[in-house]
Amino acid sequence: MCFFQIFNQHNAEAPNLEPAFHRMAQMEPNLDHDVSWFLLPSYWAKMVVALISFLCFANSYDGDFVFDDSEAIINNKDLRAETPLGDLWYHDFWGSKLSSNTSHKSYRPLTVLTFRINYLFAGGFYPVGFHVINIILHCTISVLMVDVFSILLGGLQFSNKGRRLNLAPKSSLLAALLFAVHPVHTECVAGIVGRADLLCALFFLLSFLGYCKAFKENKEGRTFSVFWVLVSVVLGAIAMLCKEQGITILGLNAVFDALVINKINLLELIRKLLYKDKWLENAGLLRKGLLFRIALLMCGGAGILYIRWRIMGTGPPAFTEVDNPASFADSLFVRAINYNYYYSLNAWLLLCPWWLCFDWSMGCIPLIKSVSDWRIIALAALWFCLIGLICQALCSEDSHKRRILTLGLGFLIIPFLPASNLFFRVGFVVAERVIYLPSIGYCILFTYGFSLLSKQAKKKKILAVAVLGILLINVMRCALRSSQWRSEEQLFRSALSVCPLNAKVHYNVGKNLADKGNQSAAIKYYREAVRLNPKYVHAMNNLGNILKERNELHEAEELLSLAVQIQPDFAAAWMNLGIVQNSLRRFEEAEQSYWTAIKHRKKYPDCYYNLGRLYADLNRHIDALNAWRNATVLKPEHSLAWNNMIILLDNTGNLAQAEAVGREALELIPNDHSLMFSLANVLGKSQKYKESEALFLKAIKANPNAASYHGNLAVLYHRWGNLDLAKKHYEVSLKLDPMAPGTKENYSLLRRKLEQLQKKGGA
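The rules we used
- Residues numbered from 1 in each chain as written.
- Predicted model: local features only at pLDDT ≥ 70, side-chain atom pairs only at ≥ 80, totals over all residues.
- Heavy atoms only, no water.
- Helix = DSSP H or I, 4+ residues; strand = E, 2+ residues; numbered from the N terminus.
- Polar contact = N/O pair within 3.5 Å; in protein donor to acceptor, adjacent residues only side chain to side chain.
- Contact = heavy atoms within 4.5 Å.
- UniProt positions renumbered as here; feature names shortened; annotations may be inferred.
- Salt bridge = Lys/Arg side-chain N within 4 Å of Asp/Glu carboxyl O.
- Buried < 20%, exposed > 50% of the residue type's maximum accessible area, 1.4 Å probe, protein only.
- 1 Å grid on protein atoms, 1.4 Å probe; cavity = no way out; pocket = protein on both sides within 12 Å on 5 of 7 lines; lining within 4 Å.
- Points joined across faces, edges and corners; volume = space filled by probe spheres on them.
- Nonpolar A, V, L, I, M, F, W, Y, C, P; charged D, E, K, R; others polar.
- Axes fitted to C-alpha atoms, helices over the stretch in contact; angles between N-to-C directions.
- Parallel < 35°, antiparallel > 145°, perpendicular 65-115°, else oblique.
- Left-handed = near helix turned anticlockwise from the far one by under 90°.
- Disulfide = S-S within 2.5 Å.
- Core = buried A, V, L, I, M, F, W, Y, C linked by side-chain atoms within 4.5 Å.
- Phe/Tyr/Trp six-rings, centres within 6.5 Å; stacked < 30°, edge-to-face > 60°.
- Lys NZ or Arg CZ within 6 Å of the ring centre and 35° of its normal.

Undergrad: Would you explain the side chain of Ser-439 in this entry?
TA: Examined against the element boundaries, Ser-439 turns out to sit in helix H17 (residues 439-456). A polar atom in the side chain of Ser-439 sits 2.9 Å from the side chain of His-185. Apart from the residues within four sequence positions on either side, Ser-439 is in contact with Phe-179, His-185 and Leu-350.

Undergrad: Explanation requested: the UniProt feature "repeat: TPR" (unreviewed entry) in the chain in the structure shown.
TA: Look at the UniProt record and you will see "repeat: TPR" (unreviewed entry) annotated at residues 503-536, 537-570, 605-638 and 707-740. End-to-end, the C-alpha atoms of residues 503-536 are 8 Å apart, and along that stretch the chain is 79% helix and 0% strand. Across residues 537-570, the secondary structure splits into 79% helix and 0% strand, with the terminal C-alpha atoms separated by 8 Å.

Undergrad: In this structure, what is going on with the pattern of salt bridges? I would like to understand it.
TA: When their charged atoms lie close together, side chains carrying opposite charge are able to pair. In total, this model carries 27 salt bridges according to the counting rule given. Put simply, Glu-693 and Lys-690 hold a salt bridge, and the shortest N to O gap is 3.9 Å. Taken together, the residues Glu-693 and Lys-690, both in helix H31 (residues 689-702) and three residues apart, mark about one turn of the helix. Lys-690 gets classed as exposed once you look at its relative accessible area, which sits at 60%. What you see here is one network of salt bridges that share partners, running through Glu-659, Arg-663, Lys-688 and Glu-691.

Undergrad: Looking at this structure, how should I read the layout of surface pockets?
TA: In this approach, a probe sized like a water molecule rolls over the atoms, and the result shows the empty space that is left. A volume near 1300 Å³ is recorded for the second largest pocket. For the lining of the second largest pocket, the secondary structure elements donating two or more residues are helix H14 (332-351), helix H15 (376-395), helix H16 (399-413) and H17. Each residue belonging to the lining of the second largest pocket can be placed in one class, and the counts come to 36 nonpolar, five polar and one charged.

Undergrad: Just checking my understanding: could you explain the packing of helix H30 (residues 673-685) against H31 for this structure?
TA: Axes are the key here: two packed helices are described by the angle between their axes and the distance separating the axes. Interhelical geometry of H30 versus H31 gives an angle of 155° and a closest axis separation of 8 Å. Between H30 and H31, the interaxial angle falls into the category roughly antiparallel. The crossing of H30 and H31 is left-handed. Across the interface between the two elements, His-673, Met-676, Phe-677, Leu-679, Ala-680, Asn-681, Leu-683 and Gly-684 of H30 pack against Tyr-689, Glu-691, Ser-692, Leu-695, Phe-696, Lys-698, Ala-699 and Ala-702 of H31. Of the residues contributing to the contact of H30 with H31, the split by class is ten nonpolar, four polar and two charged.

Undergrad: Even after reading the chapter, I still don't get the state of the cysteines, so can you show me in this structure?
TA: Note on terminology: disulfide describes a covalent bond linking the sulfur atoms of two cysteines. Inspection of the entire model under this criterion finds one disulfide. The side chain of Cys-364 participates in a disulfide bridge whose partner is Cys-499; the two sulfur atoms lie 1.8 Å from each other. Classification of the bridge connecting Cys-364 and Cys-499 rests on its S-S torsion, roughly -40°, and on that basis the disulfide is left-handed. With a gap of 135 residues between them, Cys-364 in the loop between H14 and H15 and Cys-499 in the loop between helix H19 (488-496) and helix H20 (503-515) connect regions that are remote in the sequence. Exposure remark for Cys-364: the relative accessible area of 13% places this residue in the buried category. For Cys-499, a relative accessible area of 1% gives the class buried. In this structure Cys-478 is not part of a disulfide, and its nearest cysteine sulfur, from Cys-56, lies 4.2 Å away. Of the residues examined, Cys-478 reaches a relative accessible area of 0% and is grouped as buried.

Undergrad: Help me understand the nonpolar core in this model?
TA: Nonpolar side chains in soluble globular proteins generally cluster together in the buried interior. Counting 217 residues, the largest nonpolar core has Phe-149, Leu-152, Phe-208, Phe-256 and Ile-440 as the members making the most contacts within it. The element best represented in this core is helix H4 (residues 127-154), accounting for twelve residues. When sequence neighbours within four positions are dropped, the list of residues in contact with Leu-152 reads Phe-208, Phe-256, Arg-403, Ile-404, Leu-407, Phe-411, Ile-440 and Ile-444. Ile-73, Leu-79, Tyr-119 and Ile-192 belong to the second largest nonpolar core, which has 13 residues in total.

Undergrad: Where do I start with the packing of aromatic side chains in this structure?
TA: For any pair of aromatic rings, the description rests on two quantities: the centre-to-centre distance and the angle between the ring planes. Considering all chains together, one arrives at 27 aromatic pairs under this definition. Note on Tyr-211 and Phe-215: the rings are 5.5 Å apart at their centroids and 70° apart in plane angle, and the pair reads as edge-to-face. Measuring from ring centre to ring centre gives 5.5 Å for Phe-227 and Trp-228, while their planes differ by 75°; the resulting arrangement is edge-to-face. Residue Trp-228 is classed as partly exposed on the basis of its relative accessible area of 26%. By the ring-pair criterion, three or more aromatic residues cluster together here, those being Phe-65, Phe-93, Trp-94, Phe-115, Tyr-119, Phe-125 and Phe-130. Here the basic side chain of Arg-375 rests over the ring of Tyr-341, its NZ or CZ set 5.2 Å away from the ring centre.

Undergrad: What is the right way to read the packing of H30 against helix H32 (residues 707-720) from this model?
TA: Look at H30 against H32: their axes get within 11 Å of each other, and the N-to-C directions meet at 20°. Taken together, the axes of H30 and H32 are roughly parallel relative to one another. Regarding H30 and H32, the two cross each other, and that crossing is left-handed. Listed contacts from H32 to His-673, Ser-674, Phe-677, Asn-681, Gly-684 and Lys-685 of H30 are Ser-708, Tyr-709, Asn-712, Leu-716 and Arg-719. Across the contact of H30 with H32, the residue classes break down as three nonpolar, six polar and two charged.

Undergrad: I would appreciate a short explanation of unusual backbone geometry in the present structure.
TA: Glycine aside, the phi torsion of most residues is negative, and most peptide linkages are trans. If you check the backbone angles, Lys-263 has positive phi at about 55° while not being a glycine. Assignment of secondary structure puts Lys-263 in the loop between helix H9 (248-261) and helix H10 (266-274). For Lys-263, a relative accessible area of 33% translates into the label partly exposed. Notably, Asn-421 is not glycine yet its phi reads approximately 70°, a positive angle. Structurally, Asn-421 is set in the loop between H16 and H17.

Set out below in structure tokens:
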């Protein structure tokens, strides 16, 4: 007895409403017969799935750019209009050249293109539009899952009119709901960089549905359409251009063809191959075109991979031990046992997605180095379940069970293979985003397990209520997790309880606190990050920076020296070490550190700026000007470098050159009030009072609370003879900063002069 049914007699997709249909294969037991679940018309089922998937993640729509969004979006030059569109095809996901040694080789140009469109339509980096698109994509994918699951669970059959029949409306609805509300999907939906997984999944599913469309019998009576097979290959290529996992759909299409279209019994096939039976003729595979279609899929897949290889180059991506420690283990045993433990953790996240974390690296999951480690139990449990399912998928006499279990395992395992470390090293330990597609297989297996339980259960309503409870808990968990992804502070702090041993978690909490000005708290988390990972050079660098600002120079020098010793090409640490050495008045060492930083990062404008400051302190004015000029060449909007050039030329009496540099700077950065102020000072000394006044007033309008701006304008008026205006701006300056250097003295001189003028006037 069904828990609840809504039956529409005009539903064209209900199997018993159109008795005449084209059979792709012999009828099998209907999975829905044993499933105690809702029966809705197809349209309403999709509406329900769309609505619930929207409710799960709706509260992420106004979230910030968080975690990887900064590198993939805000700092990615490929999003900006000035970058040629053609560059997207030669850059990785993060905007680096694929040929670069530092590239991660993540080739996702179509995903980056959607980011660029988002950026252009929004007129800047406004995260709302990015988040809304992600939510819409997940809702669309969840709706498509209704059709996909109806095929995977109910088989592929068409009516006489050519309409595909949904032979498992209840089961497909349940599986689609499980997919839509799975909390492990939060990273893909609420994290903007998850767009890659969403777009990949969209075209992945469209490729599968396109392949299914190839078997719709046409007017000529052909059993399949080559056109739709080729369309599915193209859609698979598009999926791969969104994210690497997309290529796996071609293998899954082949598996589907063999199991559902050709009804191949894998165990029987293996036996015939072993005994060299004439299985090709007996099975009629050549007649049905299976080998031809598989050849098309293989050729398409090989062509796609070859083109990608040509664009990407032969060099593997550069990852470090902290990204994926197991892959750097010397022992094959340690690598194998830890890879399998990672698989068990991914399986557990599908089964119980309660403990979720934005990052699972850097000590979050310590390596298993011995068989005495109790975590070996997780591996044993994983393989016990997998072997049991594989045996049932191969050996069961029930062809319906064999098909569903094999498809479930196929969709669970095959899309996960690129992230498995089996073919190449990946840059993570566990990543929730990579199980977005494998969760399709989990939903198939869960739904089939539910149908078996329903068949045996006496009180089916209780079982249905339990599943409803699971869905409701998942909806609430999605909403909670989405809220955590709305800001970096919430996201990073949520990880502290899940991965307290993860140095990167403590580092990110510290960085977030430092960005908000809470240096004392930031120091605590940076120290913990370094304690957990004594080779964490980025934490050492950031901690050294804070200590430098707090004038704790000796400890800062120790940390930065250790960082460059661990990673000799760490340019930022070399530059910061130079700043500390400069503050300690060890100028030769500071100069050497700066040049080492520039050696490892050729285009480093900030380092040239700091080098110029060092030369200025040493009165090496020509060298200072050259260093600052290099900074502005590399970064034309480098306001500090321009300002220092103007001030140095002004102080050394080169007023004409200072004026020329100031005008050049303002052409490039016309709204920079500090440049207006510096140039106004130069013009005032050159007795160009009117132009100087205009720049001072413009600078004050941009920054009205700068005491020095009012003070220097008062000096200009004082020289110019506009004593009343000079008095007014001296008073404003002193009100803003009563201790403003020189202003009190100048104001006193002005007052005495005004008093003298009054006495003369009175006489």
